[in-house]
Amino acid sequence: MKERWLGVVVSGDKVIFVDAEVGDASEPLTLQSDQTLSLQRGERPEALAVISQQFSNYIRENGIKRTIVKESAVAQKQTATKALLESAELRGVVIAASAAVTTTQVKSKATISRTFGDRKVDEYLKDDGFWAKEIQGVKLRNGSREAAMMLIDARKDQ
């Protein structure tokens, strides 16, 4: 039986999420929605509260059974910048909003690269043939492929 899942990538002040019906690995994901929420201008606490409410409402209203969020990643020699910390803060808000409503998992791109197939995630992201085979339904934006990859990887674990 298919379930509705969300794949989520937080980058900067944006939350990119892909909503899809997920069945077994032999069939493509059926995309229901490909959206981006942006943090509103103004006071940060209020803006984070709005994103939290919008995200949890979406999950409730659409019967989402599982959410997979891309984990933070930092290059080993990179120092944490304010922008990086603010992005991590938004990611935490999204994870908490999701976990309050549905099963939520956080997974790193590096882990997926090691455990999914014989290529790195970035190679799959560039492969139009792979996406034509794995996705049906509404059109997937190229910038949302990483969020969809969270779902494709999680599907193999069910």
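Note that this is a predicted model, so its numbers are computed, not measured. (Residues numbered from 1 in each chain as written. Predicted model: local features only at pLDDT ≥ 70, side-chain atom pairs only at ≥ 80, totals over all residues. Heavy atoms only, no water.)

## Considering the sheet that holds strand S3 (residues 29–38)
Stage number 1. Reading across the sheet, the six strands line up as S5-S4-S1-S2-S3-S6 and stay open at both edges, with mixed pairing between neighbours. In this open sheet, the two strands that pair with only one neighbour each are strand S5 (103–107) and strand S6 (135–137). Neighbouring strand axes in the sheet, compared pairwise and without regard to direction, differ in orientation by 35° on average.
Stage number 2. Examined bridge by bridge, strand S2 (residues 14–22) and S3 share eight bridges and lie antiparallel to one another. The residue bridging Lys-14 from the neighbouring strand is Ser-38, located in S3.
Stage number 3. Relative to S3, helix H1 (residues 44–61) is tilted by about 165°, and along the sheet it contacts strand S1 (3–11), S2, S3 and strand S4 (64–70).
Stage number 4. Of the strands in this sheet, S1, S2, S3, S4, S5 and S6 touch helix H6 (residues 145–155), which is tilted by about 135° from S1. (Pairing = 2+ DSSP bridges. Helix = DSSP H or I, 4+ residues; strand = E, 2+ residues; numbered from the N terminus. Axes fitted to C-alpha atoms, helices over the stretch in contact; angles between N-to-C directions. Contact = heavy atoms within 4.5 Å.)

## A look at the packing of aromatic side chains
Stage number 1. Under the defined criterion, the tally for this structure stands at six aromatic pairs.
Stage number 2. Ring centres of Phe-17 and Tyr-58 lie 5.0 Å apart, and the angle between their planes is 65°; on these two criteria the pair is classed as edge-to-face. Here Phe-17, found in strand S2, pairs with Tyr-58, found in helix H1; they are 41 residues apart in sequence, far enough to count as distant. Side by side, Phe-17 and Tyr-58 carry an identical accessibility label, which is buried.
Stage number 3. Measuring from centroid to centroid gives 5.1 Å for Phe-130 and Trp-131, while their planes differ by 90°, and the two rings are edge-to-face. You'll find Phe-130 and Trp-131 in the same group, each marked buried.
Stage number 4. Cluster of aromatic residues (ring-pair linked, three or more members): Phe-116, Tyr-124, Phe-130 and Trp-131.
Stage number 5. A cation over a ring is seen here: Arg-66 above Trp-5, with NZ or CZ 4.6 Å from the ring centre. (Phe/Tyr/Trp six-rings, centres within 6.5 Å; stacked < 30°, edge-to-face > 60°. Buried < 20%, exposed > 50% of the residue type's maximum accessible area, 1.4 Å probe, protein only. Lys NZ or Arg CZ within 6 Å of the ring centre and 35° of its normal.)

## As for the packing of H1 against helix H2 (residues 82–99)
Stage number 1. As a packed pair, H1 and H2 sit with axes 9 Å apart at the nearest point and diverge in direction by 40°. Seen from above, H1 lies across H2 with right-handed handedness. Note on element contacts: H2 touches H1 through Glu-86, Glu-89, Leu-90, Val-93, Val-94, Ala-97 and Ser-98, opposite Arg-44, Leu-48, Ile-51, Ser-52, Phe-55, Ser-56 and Ile-59.
Stage number 2. Of the residues in the contact of H1 with H2, the class split is eight nonpolar, three polar and three charged. (Left-handed = near helix turned anticlockwise from the far one by under 90°. Nonpolar A, V, L, I, M, F, W, Y, C, P; charged D, E, K, R; others polar.)

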